[in-house]
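# Observations on the model geometry
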Amino acid sequence: CLNSVETQFEFLIRSNLIRAEDIKWLGANGYFDENGKVNFSDRWLVVLSNTKPGVGNYLHAVWDAARKFGFVPQKSVPFNEDMSQSEYYKSDFSKEAYELGLEFLKRFYVQYERVSTDDNSFKKALEQAPIQCGVATCQPWETNQTILYCGLPANHAVLLIRVDSVKYLCDS
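The structure displayed is predicted, hence computed values, not measured ones.

### Details of the state of the cysteines
Counting across every chain of the model gives 1 disulfide. Put simply, Cys 138 and Cys 150 are joined by a disulfide, and their sulfur atoms are 1.7 Å apart. Residues Cys 138 and Cys 150 are joined through a disulfide that is left-handed, its torsion about the S-S bond being -55°. One end of the pair, Cys 138, is in the loop between β1 (131–135) and β2 (156–163); the other, Cys 150, is in the loop between β1 and β2, with 12 residues separating them in the sequence. The exposure class assigned to Cys 138 is buried, which follows from its relative accessible area of 5%. For Cys 150, a relative accessible area of 36% puts it in the partly exposed group. Of all cysteine sulfurs, the one in Cys 133 lies closest to Cys 1, which takes part in no disulfide; the gap is 13 Å. By relative accessible area, which is 11% here, Cys 1 ends up buried. Taking the relative accessible area as the measure of exposure, Cys 133 reaches 15% and is therefore buried.

### A short note on unusual backbone geometry
Despite not being glycine, Asn 16 shows a phi value in the positive range, around 55°. Take Asn 16: it is sitting in the loop between α1 (2–14) and α2 (20–28). Asn 16 gets classed as exposed once you look at its relative accessible area, which sits at 70%. Backbone geometry at Asn 50 places phi at a positive 60°, although glycine is not the residue there. Looking at the element boundaries, Asn 50 is found in the loop between α3 (42–48) and α4 (59–69). Looking at Asn 50, the relative accessible area reads 52%, which means it is exposed.

Rules of the game
Residue numbering note: each chain is counted from 1, following its sequence as written. Restriction of local features to residues with pLDDT of at least 70 applies here, the model being predicted, together with a cutoff of 80 or more for giving and counting side-chain atom pairs; totals for whole chains, interfaces and linings are based on all residues. Values reported for side chains reflect all heavy atoms of the structure, with hydrogen atoms and water molecules removed beforehand. Counting rule for disulfides: a pair of cysteine sulfur atoms within 2.5 Å. Numbering of helices and strands runs from the N terminus, with a helix taken as a DSSP run of H or I at least four residues long and a strand as a DSSP run of E at least two residues long. Three labels apply to residues, based on accessible area from a 1.4 Å probe with only protein chains included: buried if under 20% of the type maximum, exposed if over 50%, partly exposed otherwise in between.

Structure below.
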């Protein structure tokens, strides 16, 4: 969800399609990282969508959490690399973070839709935005090699950015 939304925000900002007052609001509230890129909190959506450690979540659950709670900047939610799993998944967010997420929703409309999985539907949807989709982590996962269909169920979210004779996915 976040890779898709952050990618869309970068496009909208570069194209001057976000109101100046909203850009200023994003900046004043810490939504830009040290490189000037929009950086939403991963932990915020992980916790508020009830993602389970070692299990994950459904794509729609994360998007529904975004529609209900909005996005907050990465730095507004406590996080550090030394957090234990129980600390990371704990809902210890401040009242101010919730208020910021709701203010975000007043300024920006968050929506998603299901897309048929045929190439023509993908191409049509890609005219609007990158597509978040689920894929199976088949071998040779975590290499630069092309991963062919292996028949396993989807268990990892990626971003579809282009379709021609193959589908181009981005993973972070």
